[in-house]
Amino acid sequence: MSGLRVNDRKRDHMELNFRKPELADRDLIQKYFSAQKSRSCEMTFANLYLWARHYKVEYTIVEDMLVFCYPGKTMDFVYPKGRKENRKKVLDLLMEWCRENQKEFRLTLITPEQFAELEEMYPGKFVIEYYRDSADYVYETEKLIRLSGKKYHGKKNHINRFMKTYPDWTYETIDDHNVEECFQMALDWRRENGCEEDPEKNAEMCVTMNALRLREELDLRGGLIRAGGKVVAFSLGEPVCDDTMVVHIEKAYADIPGAYPMINQQYLMHEASGYLYVNREEDTGDPGLRQAKLSYHPVFLIEKGIASFA
């Protein structure tokens, strides 16, 4: 299968046949993601599919490599996924296509390792600008489960308080029997957090709802915390590579002290204990979210930026 067609000798125009990812494309796209190890939160089919419903994200296959892009005034391509030996040929074709179509060529979500490889192939041709708001927070899973030591003392206290306040609390894997309660909690969360008036928050909640609805088709792992007989927190994630779990969605009632630390710890304990790292995604520049993510002491950040012609 190829999304690239170079027309016959009578014409030298090249076409790239980009299209929106559909559920039927899951195995094909995931095959290319799996071919090149990445811990970035975007590099899963579930993330690609769910957000493509809200932002223009498209993909094609070029020279047996996966290419997806964010089309607009510029053409922002994601670093091609697949056989390394084909990468330069594919990048050359993408740059040629942009020249033919009078589009500015850029590469987005580029990590330092990818930029180093780009520099090897095209010495001095590109510059990169990293965006702190887009950096993923990566933690050692075992540390977030155990919460040992002084630096996690506050988190442990919140969890202990929650357990004391709700002695009947339980953790449950999300399945057909309890998913409707997660939908209802998500609807409450949306109302309480003013998502209807905020396009970004509203898009995030639509992604949350679709992730719950399609959790089996997207192979997502879900877990919830029940207290006082009702669902007070839930989380959804998936492996992004052989040693890293990514948590895409985490929701808890803000007025229930300890609900967030509780779902954070219990979800990892039950769904991710076999993974060395957990990626808890970016902070989008939100000061409160940044403080919360830093308070769990990431072991490293995954920097991502945009590479453009120097």
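What comes next concerns the included structure.

Calculation rules
Residues numbered from 1 in each chain as written. Predicted model: local features only at pLDDT ≥ 70, side-chain atom pairs only at ≥ 80, totals over all residues. Heavy atoms only, no water. Helix = DSSP H or I, 4+ residues; strand = E, 2+ residues; numbered from the N terminus. Rg over C-alpha atoms; globule rule 2.2 N^0.38 Å. Buried < 20%, exposed > 50% of the residue type's maximum accessible area, 1.4 Å probe, protein only. Contact = heavy atoms within 4.5 Å. Areas by Shrake-Rupley, 256 points an atom, 1.4 Å probe, with all protein chains shown as cover. Lys, Arg positive; Asp, Glu negative; His and termini not counted. Charge placed at Lys NZ, Arg CZ, Asp CG, Glu CD. Pairing = 2+ DSSP bridges. Axes fitted to C-alpha atoms, helices over the stretch in contact; angles between N-to-C directions. Expected span 1.5 Å × (residues − 1). Phe/Tyr/Trp six-rings, centres within 6.5 Å; stacked < 30°, edge-to-face > 60°. Lys NZ or Arg CZ within 6 Å of the ring centre and 35° of its normal. Polar contact = N/O pair within 3.5 Å; in protein donor to acceptor, adjacent residues only side chain to side chain. Core = buried A, V, L, I, M, F, W, Y, C linked by side-chain atoms within 4.5 Å.

### Here we look at the overall build of the protein chain
Next, step 1: In terms of helices and strands, the protein chain carries 10 helices and 16 strands.
Next, step 2: Computed over its C-alpha atoms, the radius of gyration of the protein chain comes to 21 Å, within 12% of the 19 Å expected for a compact globule of 310 residues.
Next, step 3: Principal-axis analysis of the C-alpha atoms places the extent of the protein chain at approximately 75 × 40 × 35 Å.
Next, step 4: By the burial criterion, 51% of the 310 residues in the protein chain qualify as buried.
Next, step 5: Pairs at least 24 residues apart make up 71% of the contacts formed inside the protein chain by residues separated by at least 6 positions.
Next, step 6: Entry remark: accessible area of the protein chain is about 15200 Å², with carbon and sulfur atoms responsible for 49%.
Next, step 7: Across the protein chain, the 45 positively charged side chains and the 52 negatively charged ones have centroids separated by 2 Å.

### Comments concerning the sheet that holds strand 10 (residues 170-173)
Next, step 1: Strand order across the open sheet formed by 7 strands is 10-11-12-13-14-9-15, with mixed pairing between neighbours. Sheet topology places strand 10 and strand 15 (300-302) at the edges, where each strand pairs with a single neighbour. Direction aside, the axes of adjacent strands within the sheet are offset by 30 degrees on average.
Next, step 2: Relative to strand 11 (residues 221-227), strand 10 runs antiparallel, the two being bridged by 4 bridges. What sits directly across from Thr173, in strand 11, is Gly223.
Next, step 3: Together, strand 12 (230-241) and strand 13 (244-252) form the strand contacts of helix 8 (residues 199-213), whose direction differs from that of strand 13 by roughly 110 degrees.

### Focus: helix 3 (residues 87-100)
Next, step 1: Along its 14 residues, helix 3 runs 20 Å from first to last C-alpha, staying within 8% of the 20 Å computed at 1.5 Å per residue.
Next, step 2: Listing the buried residues of helix 3 in full gives Arg87, Val90, Leu91, Leu93, Leu94, Met95, Trp97 and Cys98.
Next, step 3: Residue Gln102 follows helix 3 closely and has a positive phi angle near 55 degrees.

### Focus: the packing of aromatic side chains
Next, step 1: Within this structure, the stated rule accounts for 12 aromatic pairs.
Next, step 2: One residue, Lys155, lies across the ring of Tyr296, its end atom 4.1 Å from the ring centre.
Next, step 3: Against the face of Trp189 rests Lys251, its NZ or CZ located 4.7 Å from the ring centre.

### As for the side chain of Ser40
Next, step 1: Relative to the helices and strands, Ser40 is located in the loop between helix 1 (26-35) and helix 2 (45-52).
Next, step 2: When sequence neighbours within four positions are dropped, the list of residues in contact with Ser40 reads Thr111, Asp136, Val240, Asn279, Ile302 and Lys304.

### What about the side chain of Ser38?
Next, step 1: Along the chain, the position of Ser38 falls in the loop between helix 1 and helix 2.
Next, step 2: Judged by its relative accessible area of 14%, Ser38 falls in the buried class.
Next, step 3: A distance of 3.1 Å separates the side chain of Ser38 from the backbone nitrogen of Ser40, its partner in a polar contact.
Next, step 4: Discounting residues that sit within four places of it in the chain, Ser38 has contacts with Met43, Val240 and Cys241.

### Comments concerning the environment of Ser235
Next, step 1: Relative to the elements of secondary structure, Ser235 occurs in strand 12.
Next, step 2: Classification of Ser235 by relative accessible area gives buried; the value is 0%.
Next, step 3: Spatially, the C-alpha atoms of Ser235 and Met209 are 12 Å apart, while their sequence positions differ by 26 residues.
Next, step 4: At 2.9 Å, the side chain of Ser235 forms a polar contact with the backbone oxygen of Ile249.

### Side note on the nonpolar core
Next, step 1: With 69 residues, the main nonpolar core has Phe68 and Phe234 as its most contacted residues.
Next, step 2: It is strand 12 that contributes the most residues to this core, 7 residues altogether.
Next, step 3: Once residues lying within four places of it in the same chain are set aside, the contact partners of Phe68 are Phe18, Phe33, Met43, Leu48, Val57, Glu58, Tyr59, Asp76, Phe77 and Val78.
Next, step 4: One finds Phe77, Trp97, Phe115 and Phe126 within the second-largest nonpolar core, a separate group that totals 25 residues.

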